[in-house]
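# A look at the structure
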Amino acid sequence: MIRVCLSLLLVGPSILSGAPPANPDFEEGEVGQVPTGWFAPLGARAGYRVELVEDSPRSGKRCVRIVSEDQTTAPFGNVMQSFAAAEYRGQRVRFRAAVKFEGAAADGRAQLWLRVDRPDEQRGFFDNMGDRPITDATWRDYEIMGDVAKDAETINLGCMLIGRGRTWLDAVSFEAIGEVGAGQEPPHPLEGRALENLVAFTRLLGYVRHFHPSDEAAAADWDAFAIAGVRAVESAAGPAELATILQELFAPVAPTIRVFESTEHPAIPDALSPPDGAIDLQITMWKHSGFGGTSPSPIYRSRRARWTNHDGKLPGDWRRPSEPLLAELCGGVSCLVPLALLADDRGTLPHPNTTSRLIASPLPAGFTPSGNDRTTRLAAVALCWNVLQHFYPYFDVVATDWRGALREALSRAATDADERAFLATLRRLIAHLHDGHGFVGHGSDDAQFAPAFLWDWIEGRLIVTHVDAAGAGDLRPGDIVRTVNGRPAAQALAEAGELVSAATDQFRRWRALDALLAGPRRSGLTLEIEPCHAGETPTEPSAITMLRTAVRGSIKEPRTAKVGEIKPGIWYLDLDRIDDNDFRKALPELEKARGLVFDLRGYPSRLSTVVLAHLIDAPVTCAQWHVPQVSRPDHVDMQFAFSNWTVAPEKPRLDARTAFITDGRAISYAETYLGIVEHYNLAEIVGGPTAGTNGNVNTIKLPGSYTVAFTGMKVLKHDGAQHHGVGIRPTVPVTRTIKGVAEGRDELLEKAAEV
């Protein structure tokens, strides 16, 4: 949402002239005011103060500070400037600044942002650090790199404070760092045995990166290594050459691995056995609690643990260095990879004789990773696939050919035309997980607008369910959409669903419906409509083209007031819209009610478990959380650490008959709520089954600035039964009807009130 709103708030003074950015060190201007050369957009001032201060600057005497006031009505505060893009056209640029943030990470964050504007509202490069927010209270340097299109008109940059807290900005710089595409490889298909070579490289990359515990591997730049590795191995002519290249490539980071033709049987390296008379040697191994590489969640962490060899008796989950992993990679090549190494007070053995290079061949001068580069795309697939291969907790319950998905993704990535096409390739890969949290984000995603209406799949038809007051032509609720951009509605929805990761059909449908509506600003959506209005004679189908002018997600289905009495003695609360204060304020009326309806067709993002606390008279627990404990690759011997949390009762106890409304949109925390309702029989559950995905999200950062999200832990129901792909089933099933939509009725709410 912030990514989109930003474009709507950039209203300020004329574009700056001269060398940008103006006043980058904030030494000019009046203390307490917006710094000279910068401005705070009007829409982002409501509840935020932007001021020049002499408050512990990073350098010089001054810096700029953004502070949230007690009453904030804007979603974020913003300080920015704009300048002409002419001298940067066709260049890759870098925006760098020092930032610090004070406040609770749960309540706020800071983000740098950079946006390039092109003619006719075409979208250029955009990145607002939405996938890597700033929450550190100490000064640190952050940067954004991106490409300036050859027809770019304006460059905009700045810093946002989102939510509550304070953030400081200083030491800003902006520079061109090379031509767009410098050193990049154009798309072309994988030929001959190239795919086999890349699969072998991918498999070995995961084994060494995540499980080989050498000091060199722990310090490696794996993004750069993967890009260089793709370039090195693709052209290998056969198993012998591939084995040689892989051995040379990985030797600097893993000197004790062996890569060989699968027909050979190499000896175990001497360095894996303690020398005669050796004392005080330790054994070191990776211990992963989920994937701890780039996740902001403290639940997931990776560390190298050490065990002192006193009596030679290893704990059960440890490996001996002399017992390495033996695995066949692909293309006639196998490997020996130690999962444990000997170590002394200087580090893991063997100690390198010289400083090792961490990549076999240097990347071209001026090269920066980009989805427009073929090797970056192939490397990103290899890195992403491996994280999920070794840490995704649901391969035992989802039916997917994950190794086949690797081959498909590599083949597509090799021929993708640009970074936007590769975004679709990554989304197609993640769809194989059948994970409702599975998502891929990137700055090239320009599908941020939608027409001013909503639709749903009802009774086997695509039905218009709501038309916004802003207007959507002659469209009306109940209209049947027969075709979308010339394709039958069912086909268009199915094609959109191919890029959606979902554990259940109902959640895939919700996300596909949203994706089908979305597109670039003012792009057209051509529909063939069959009017179907209550009490009217049907008319002939007609074609209509809708422009995407509304911010994606801003059009909401009509609901009653978020808190209110919908019938005498029956109170309604929309958990998607209320917070704890709203609920506590309503408690005196709720205590007297004879019926309560809680709407969970959405996500209770601003609500604690306070609602549940007033429905119970004894402590209850949530479902079972199981974080993967990983010390061996390929899910071998994967263990899980169990936890859950408790909800304590609060007074007054609400004794009225209660119903929760839900459907396929309810996911994660919403399912935690409903899981407690289900297990303890606290209320009727009215509507449709939920999304079937719960657990803390984990993230993967990939070269080219792609971010992948996935469910990092396994969640089971209270009794240990499967939740993933099952979700919470209603006790009173209700589905929408075309007739009900045309009449403007909320059939699920009606049934809940009746219950």
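The shown structure was predicted, so the numbers you read here are calculated from the model rather than taken from an experiment.

Basis of the calculations
- Residues numbered from 1 in each chain as written.
- Predicted model: local features only at pLDDT ≥ 70, side-chain atom pairs only at ≥ 80, totals over all residues.
- Heavy atoms only, no water.
- Pairing = 2+ DSSP bridges.
- Helix = DSSP H or I, 4+ residues; strand = E, 2+ residues; numbered from the N terminus.
- Axes fitted to C-alpha atoms, helices over the stretch in contact; angles between N-to-C directions.
- Buried < 20%, exposed > 50% of the residue type's maximum accessible area, 1.4 Å probe, protein only.
- Contact = heavy atoms within 4.5 Å.
- Phe/Tyr/Trp six-rings, centres within 6.5 Å; stacked < 30°, edge-to-face > 60°.
- Lys NZ or Arg CZ within 6 Å of the ring centre and 35° of its normal.
- Salt bridge = Lys/Arg side-chain N within 4 Å of Asp/Glu carboxyl O.

### Structural notes on the sheet that holds strand S38 (residues 732-733)
The mixed open sheet is built from six strands, whose spatial order is S26-S27-S28-S33-S34-S38. For this open sheet the edge positions go to strand S26 (563-567) and S38, each flanked by a neighbour on one side alone. As judged from the five bridges shared by strand S27 (residues 570-574) and strand S28 (residues 595-599), these two strands associate in the parallel manner. Across the sheet, residue isoleucine 570 finds its bridge partner in S28, namely glycine 595.

### Some remarks on the sheet that holds strand S4 (residues 91-102)
Taken together, five strands build an open sheet; the order of strands is S1-S2-S9-S4-S7 and the sheet is antiparallel. The open sheet has two edge strands with one neighbour each: strand S1 (48-53) and strand S7 (140-147). Each strand of the sheet is rotated relative to its neighbour by a mean of 30°, with strand direction disregarded. As defined by bridge partners, S4 adjoins strand S9 (residues 166-179) across 11 bridges and the pair is classed as antiparallel.

### Considerations on the environment of arginine 665
In this structure, arginine 665 sits in the loop between strand S33 (657-662) and helix H13 (669-679). Exposure remark for arginine 665: the relative accessible area of 22% places this residue in the partly exposed category. Sequence separation between arginine 665 and phenylalanine 507 is 158 residues, and the spatial gap between their C-alpha atoms is 6.0 Å. Excluding its chain neighbours within four sequence positions, the residues that come into contact with arginine 665 are Phe507, Trp510, Glu557, Arg559, Arg601 and Gly602.

### Some details on the packing of aromatic side chains
Within the structure shown, the criterion is met by 18 aromatic pairs. With a centroid separation of 6.3 Å and 10° between ring planes, the pair formed by phenylalanine 211 and phenylalanine 391 is classed as stacked. Of this pair, phenylalanine 211 sits in helix H2 (residues 194-211) while phenylalanine 391 sits in helix H6 (residues 374-391), and the two are 180 residues apart along the sequence. Considered together, phenylalanine 211 and phenylalanine 391 belong to a single accessibility category, that of buried residues. Lying across the ring of tryptophan 168, lysine 100 places its NZ or CZ 4.8 Å from the centre. Over the ring of tryptophan 510 we find arginine 509; its NZ or CZ atom is 5.3 Å from the centre of that ring.

### Examining the pattern of salt bridges
What the rule picks out here adds up to 49 salt bridges. A salt bridge links aspartate 147 to arginine 92; its shortest N-O distance comes to 2.6 Å. Of the two residues, aspartate 147 is situated in strand S7 and arginine 92 in strand S4; the sequence distance between them amounts to 55 residues. Aspartate 147 sits in the buried class, given a relative accessible area of 14%. Of the residues examined, arginine 92 reaches a relative accessible area of 9% and is grouped as buried. When the shortest N-O distance is used, the salt bridge between aspartate 456 and arginine 736 registers 3.2 Å. Here arginine 736 lies in the loop between S38 and helix H14 (738-742) and aspartate 456 lies in strand S19 (residues 453-458), a separation of 280 residues in the sequence. Via salt bridges that share partners, Glu557, Arg559, Asp574, Arg577, Asp599, Arg601, Asp663, Arg665 and Asp746 belong to a single interconnected network.

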